[in-house]
Amino acid sequence: MELCRISFLLFWAFQLVYAQQTTDPNEVDALKKIIIHWNLSGKLNLTTDPCSQNASWAPDNANPHVACDCTGNTCHITHLKIYALDIFGEIPKELFLLKELMDLDLGQNVLSGPLPAEIGQLSKMQYLSLGINNLTGPVPPELGNLNKLISLSFSSNNFNGTLPTQLGMLTYLQQLYIDSSGVSGPIPQELANLKALQILWASDNGFTGMLPEFFGTLTELKDLRLQGTSLEGPIPRSFGALTKLENLRIGDLSKEDSTLDFLENQTSLSILSLRNCQVSGEIPERIGTFAKLQYLDLSFNKLTGQIPSSFQKFSLLQNLYLGNNSLSGDLPSNIISPKLIALDVSFNPISGNLPPNFAKVGFSMNVLGTSINANSLLDRKAIGMLQCLQNECTNQVQASSFSIKCGGMEQTSSSGIKFDNDSESLGAASLYTNSNDQWAVSNTGNFISNPNGPQYIVTTETQITNTLDSELYKTARISPSSLRYYGLGLENGKYNVELHFAEITMDDSQSWKGLGRRLFDIYIQGERVVQDFNIQKEAGGSKRALIKTFEANVTNTIIEIHFFWAGKGTCCIPFQSTYGPLVSAVHVYQASNAGFSAKRDKKRVGKLVGIAVGSAAGFLIMSSIFYLWWINDKSGHMQVHTDSPRKG
C-alpha cells in the first residue's frame, strides 16, 4: 500500500515538473518587446508563459498565435502568427532572437521599412509570409540562407531592385508568392535550381528581358502566373515539359510572337490564360482534348485560322475567350458545350450562323465585330437598330452628345446633365444597348476567384468627396478584362470625352485594406490615351471624385471608349479578384469650336451594327453584333482592330 502511494506521488511530481516547463527566458523577453513594439498587449498579454498550452493564443486557429516545441528541458517558440491585425512600423530586431522559428506569418498588416538582413539568421524557417505589407528597399539576399523554406511570400509590397540570385539556394521551396512586390529587372537564372517549386505567382512586377527558358525545367509547377510584367516573348517551347500545370496565366508579353506549340500534354490544366501575349498561328486541335479545362482565355492575340472543331467536346469548360484575334470561318455548331456560360469571339472575321442553343438561360455571348449571320434573331427592335446602323443611322436624328451613369440608375447632375440608366446586369461576355439606341456597352472577362460571385457592378453608401454629385459616383461598372462604351449615331465632328471616376472598392485607410492598387489603360477611338491609370492616386484618395477629359474625332457616327486591364495592379486587396477597369460615368458632347475637318480618319473608319437579345430570368443574352472597321485606301477595304492593344 505504501509503495503505491509513493509511486502515485512521484507520478504527480513528474507531471508537475513537466507542466512547469518554461520558455527560454531570452525568447520570452524578445516576444514581450515585440508585443510592445507592435502595440499588441491587448491581444497577446503575457501574464502566463508564452508556451502554456492553456493560453488563448495556443490553438492553431488563434490570431495572434504562438506555438512552441517543448520536447527538451526548455520550450522554444516555433510558430508566430500576427495576421491581418494592422500592426505597423518596422520589423523589430528582437524578432530575430527567436532562433527556433519555423513558421512566421506577418501577412496583411502595414509593416514598413526594409526587411532586415537579420532575417537570414532564422535558419530553421520553413514557412515565411510577409505578403500585403508596405515593406520597402531591396529584397535581402540573406533570404537565401533559409534553405529549409517550403513557402515564401512577400507579395504586395513596395520593394525595389532585382530579385536576389541567392533565392536559387532555396531548393526545398514549393511555393513562391512575389506578385506586386515591386521587384524589377531580369528574372535570375539561379531560380532554375528551384526544382521542387509547385506554385509561382510573379505577376505585376517590372521584370524585363525574355520569358525565361529555364521555367520549362521546373517540372513540378502546378500554378504559374506571369501577367502585367515587361517580359518579352516568345513563350519557350520548353514549357511543353510542364505537364503538371493546373493553372497557367501568362499575359502582356511584348516583341516576338509566340505560338501555342508548347501546349502538348498539359491535360491537367483547369485554367489557361494566355491573354495579350502576341500569340500567332492557329489554335491546335489538341487543346480541345484537355478534359479538365474550365477557363480558357486566348484573347487579344494574333491567332488565325478556324476555331478547332474539338472545342465542341469540352465537358467542363465554363468560360471561353477568343476575342480580338484574326480567327475566321464559321463557329462550330456545338461550341456551346453543356457547362459553358460565357463565349467571346468579338473582333474576329468570323462568319456563319449563331449556334442553335445561343439563347440558353444563364449563357452570355459577345460577337461584336464579327460577320455572324443575324437572320435567326426574332428581336424586332434589335433588327431595326441593325438596319439603322448599316446606313449610318440616316433614318434618325443624329445626336451630338450622350451621358451614361455606369452601373446605376438614371440621374440628373447638379449642372442639369441627364445621365442614362446603365444598371443592366451584364454577363461575362455580353453587350447591351440602351432603349433609344444612343449608346452601347460591351463587357468581356471573368473574375475567376471573386468571393462575391460574378459581379460587374460595384456600389457604395459612402459619401463621395470632391464633387457636388456624390450620387453619380456611388455605382460603377468594373471588368476583369475589357469594358467598352460606344456612342452611336453621332454627328461627325470633334467631341469632348468626359470620364468620371471614384475608387469605391479599394480603401485608402491606414489598414492593410488600404494597400491595394488598381491600374488599367484607357483607349479612345483605338488610341491609348492613358497607361497604368490609377484612380486613387490621381484623385488623392478613395471615395473622391475625379474627372478626366479628352478630345476625340468622330468621322463615322460612332465613338469607342475602351477600358483595358493589362495585368497590372494588386489582385487581392481588400479581397480576391479586386482589379481591372472601373468607371463611374461617361459624358460625351460635341466641342464648341467648329473647326473640325470632316476628312475621314484612315486608321479608324467603319460601321457598328448591334443586336442584343434579352433572355429568361433577367439574364442578358448577347445575340449578334456586327462591327466592321475599314481602311479607306487604294488597295481596297481591309478589316482592322482585331489586334491586341498597341504598346506604344
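Residues numbered from 1 in each chain as written. Predicted model: local features only at pLDDT ≥ 70, side-chain atom pairs only at ≥ 80, totals over all residues. Heavy atoms only, no water.

An unreviewed UniProt entry annotates the chain as non-specific serine/threonine protein kinase of Quercus rubra. As its UniProt record puts it under Subcellular location (unreviewed entry), the chain is described as follows: "Membrane". (UniProt positions renumbered as here; feature names shortened; annotations may be inferred.)

Turning our eyes to something else, we now look at the overall build of the chain. The number of helices and strands found in the chain is four helices and 43 strands. Of all 648 residues assigned to the chain, the portion counted as buried reaches 57%. Of all intrachain contacts in the chain linking residues separated by at least 6 positions in sequence, the fraction that spans at least 24 positions is 59%. Accessible surface for the chain amounts to roughly 26,300 Å². Of this, 51% is attributable to carbon and sulfur atoms. (Helix = DSSP H or I, 4+ residues; strand = E, 2+ residues; numbered from the N terminus. Buried < 20%, exposed > 50% of the residue type's maximum accessible area, 1.4 Å probe, protein only. Contact = heavy atoms within 4.5 Å. Areas by Shrake-Rupley, 256 points an atom, 1.4 Å probe, with all protein chains shown as cover.)

The next subject is the environment of T22. On the secondary structure map, T22 appears in the loop between α1 (2-19) and α2 (25-37). Residues T22 and P50, spaced 28 residues apart in sequence, show a C-alpha to C-alpha distance of 8.6 Å. Residue contacts for T22: discarding those within four places in its chain leaves D49, T74 and C75.

Here we come to the sheet that holds strand β41 (residues 585-590). Here six strands make up an open sheet; going across it, the order is β28-β29-β27-β41-β35-β38 and the pairing mixed. The sheet is open, and its two borders are formed by β28 (411-412) and β38 (546-554), each paired with just one other strand. Pairing of strand β35 (residues 493-501) with β41, which is carried by six bridges, proceeds in the antiparallel orientation. Opposite L499, over in β41, you have V586 as the bridge partner. (Pairing = 2+ DSSP bridges.)

The alternating pattern of strand β14 (residues 223-226) places D223 and R225 and L224 and L226 on opposite faces, both of which are buried. Of the pairings in the sheet, the one linking strand β12 (residues 199-201) to β14 comprises three bridges and is parallel in character. Bridging from a neighbouring strand, W201 pairs with R225 of β14. Bridging between β14 and strand β16 (residues 247-251) involves four bridges; their strand directions are parallel.

The side chains of a regular strand alternate between the sheet's two faces. Burial runs high along β35: eight of the nine residues are buried. Direction of pairing for β35 relative to β38: antiparallel, over a ladder of nine bridges. Residue pairing in the sheet places F501 in a bridge with L546 of β38.

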